[in-house]
Amino acid sequence: MVKKGKKVTVIGAGNVGATVAFICAMNGVCHHLVLRDRNIEIAKGKALDMSQAANAARSHTIVSVAEDASEIAGSDVVVITAGSPRLPGMSRDDLLMINAEITKEVVADVKKYAPDSIIIMVSNPLDVMTYVALKESGFPKERVVGMAGILDSARMAHFIYEKIGYGAGQIRASVMGGHGDDMVPLPKFSTVAGVPLTDILSEKEICEVVERTKHGGAEIVGYLKTGSAYYAPAKSTAIMVEAILKDTKQIHPCAVYLDGHYGYSDVVSGVPVALGANGVEKLFEMTLNDDQKERFAKSVGSVKSMIDVLKEKKFFD
Ligand SMILES: NC(=O)C1=CN([C@@H]2O[C@H](COP(=O)(O)OP(=O)(O)OC[C@H]3O[C@@H](n4cnc5c(N)ncnc54)[C@H](O)[C@@H]3O)[C@@H](O)[C@H]2O)C=CC1
Ligand SMILES: O=C([O-])CC(=O)C(=O)O
């Protein structure tokens, strides 16, 4: 009997989505990778190009296009990157209404054709879109998870490296909270090969790293002009896909539904979770000091206020 292979669908074959697909195809993370986009021609061209790259890489991953939504059936993981990116001068929150409508539309297909999948949400504003995906799919909270914390932590690690000039690849930075201007970098939980960051950098240098991390996305938008970052976002997303498909149960910061955790309910925010075959296998509640609690409260509050805007507009009815 032929064993069923792992299937990953990426909805939104733009910069982030296509790069996620490319990384997964090159690394043979799944057997079948499906691209879906409202622009079918672009998706077809990219799928063909990637299929040829997979052959060059001797990867077993088959890349195809779902011209009809029904072709996403049987997906183990669905990555949603459909939506508009921001342009210079915009905040992620400015994408709220346009991307909420797109998310609602594509999640309806996921609910109908891939009801047993795990959704990895990427579109911005990330925490609110993860909430929208959860509510519109009706999936258990463990099967809807947003990508942001791995990216924000990687950015912080890079900025730490730029300050100290050594330890590349050994820096473990920690960021929690929402993926917005109020995100919560945690220098006290960050280390370089186990050496606390607070023993390596001065308070002023740490403040500079924290501020640059908070605006890490905008910095890249400022250079690219026509959209936002995609290499680090795509790699961060592929790490989540792999953790789920390989059932690694490794701990990553991800955006998940809080149900009393850290004292918050009915909201999504970034916290450390173990990812595995069931999606979010475990959520970790870290002991925060007063400053960290205050910053986390502000971040959760920003996400809640956007969810309230959607509720006021009767978006979920
Ligand atoms: N969570 C995070 O850390 C990050 C989130 N993002 C977000 O990811 C999203 C995608 O960014 P990019 O790939 O750079 O944008 P992009 O514009 O390159 O790609 C978006 C794709 O979505 C497609 N699309 C739009 N509506 C659709 C629909 N209804 N059905 C199917 N496909 C649809 C478009 O045709 C396009 O190909 C943006 O919202 C961006 O803000 C980007 C980087 C990091
Ligand atoms: O900055 C943006 O708009 C895209 C994003 O979320 C990021 O790169 O962190």
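Residues numbered from 1 in each chain as written. Chains lettered and ligands numbered in written order. Predicted model: local features only at pLDDT ≥ 70, side-chain atom pairs only at ≥ 80, totals over all residues.

Caption draft 1: Quick look at the UniProt feature "domain: Lactate/malate dehydrogenase N-terminal" (unreviewed entry) in the protein chain. As recorded in UniProt, the sites labelled "domain: Lactate/malate dehydrogenase N-terminal" (unreviewed entry) are residues 7–146. The distance from the first to the last C-alpha atom of residues 7–146 is 19 Å, and the span holds 42% helix and 18% strand. (UniProt positions renumbered as here; feature names shortened; annotations may be inferred. Helix = DSSP H or I, 4+ residues; strand = E, 2+ residues; numbered from the N terminus.)

Caption draft 2: Spotlight on the site of ligand 1. Taken together, 34 residues surround ligand 1, and among them G12, G14, A82, N124 and P233 come closest. Elements represented by at least two residues in the shell around ligand 1 include exactly α1 (15–26) and α3 (96–113). The element contributing the most residues to the shell around ligand 1 is α3, with four residues. In the shell around ligand 1, the residues fall into 16 nonpolar, 14 polar and four charged. Both of domain 1 (7–146) and domain 2 (149–311) provide at least three residues apiece to the shell around ligand 1. (Near = placed C-beta within 6 Å. Nonpolar A, V, L, I, M, F, W, Y, C, P; charged D, E, K, R; others polar. Domains from an automatic or database assignment.)

Caption draft 3: Region of the structure containing the UniProt feature "active site" (unreviewed entry) in the protein chain. According to UniProt, the feature "active site" (unreviewed entry) maps to H179 in the numbering used here. Inspection of the secondary structure puts H179 in the loop between β8 (175–176) and β9 (184–185). Classification of H179 by C-beta neighbours within 10 Å gives buried; the count is 29. If we skip the residues at most four places from it in the chain, H179 touches L126, D127, A148, D152, A255 and G270. (Buried ≥ 20, exposed ≤ 12 C-beta atoms within 10 Å, placed from the backbone. Contact = placed C-beta atoms within 7 Å.)

Caption draft 4: Structural context of the pairing of strand β2 (residues 32–36). Among the five residues that make up β2, four are buried, leaving the element largely enclosed by the rest of the structure. For strand β1 (residues 7–11) and β2, the ladder comprises five bridges, and the chain directions are parallel. Along β2, the bridge assignment pairs V10 with L35. Crossover β1 to β2 through α1 is right-handed. As defined by bridge partners, β2 adjoins strand β3 (residues 62–65) across four bridges and the pair is classed as parallel. Within the sheet, the bridge partner assigned to L35 lies in β3 and is V65. Handedness of the β2-helix α2 (residues 40–56)-β3 crossover: right-handed. (Pairing = 2+ DSSP bridges. Right-handed = clockwise from strand over helix to strand, strands pointing away.)

Caption draft 5: Summary view of the pairing of strand β14 (residues 279–283). Across four bridges, strand β13 (residues 265–276) lies against β14 in antiparallel orientation. Its bridge partner being in β14, L275 is matched across the sheet by V280.

Caption draft 6: Here's a closer look at the domain arrangement of the protein chain. As assigned here, the protein chain comprises domain 1 (7–146) and domain 2 (149–311). Here the C-alpha centre of domain 2 lies 21 Å away from the C-alpha centre of domain 1. Breaking the side of domain 1 that touches domain 2 down by element, the ones donating at least two residues are α1, β4 (77–80), α3, β5 (118–121), α4 (126–137) and β6 (144–146). In terms of residue class, the side of domain 1 that touches domain 2 is built from 23 nonpolar, five polar and eight charged.

Caption draft 7: Summary view of the sheet that holds strand β11 (residues 195–196). The three strands are arranged β7-β10-β11 in an open sheet whose pairing can be described as antiparallel. A strand with exactly one partner marks an edge of an open sheet, and here the two such strands are β7 (171–172) and β11. Sheet topology places strand β10 (residues 191–192) next to β11; two bridges connect them, and they run antiparallel. Counted as the bridge partner of V192 is V195 from β11.

Caption draft 8: Inspection of the nonpolar core at higher detail. Judged by nonpolar contacts, the single largest core of 97 residues is most densely connected at A21, I120 and V241. If one sorts the elements of this core by residue count, helix α8 (residues 231–245) sits on top with eight residues. Summarising the domain contributions, this core has at least three residues from each of domain 1 (7–146) and domain 2 (149–311). Aside from chain neighbours lying at most four places away, what touches V241 is V8, C24, V29, V77, V79 and I120. (Core = buried A, V, L, I, M, F, W, Y, C linked by C-beta atoms within 7 Å.)

Caption draft 9: Just helix α7 (residues 216–224), in detail. Every buried residue belonging to α7 is among G216, G217 and V221, and all of these are buried. All buried residues of α7 fall inside an arc of 140 degrees around its axis, so they share one side. Looking at α7, the residues exposed on the side facing more than 90 degrees away from the buried face are G222 and Y223. Lining the buried residues of α7 we find α5 (149–164) and α6 (203–214). The first or second residue beyond α7 is K225, which carries a positive phi of 70 degrees. (Arc of directions from axis to C-beta.)

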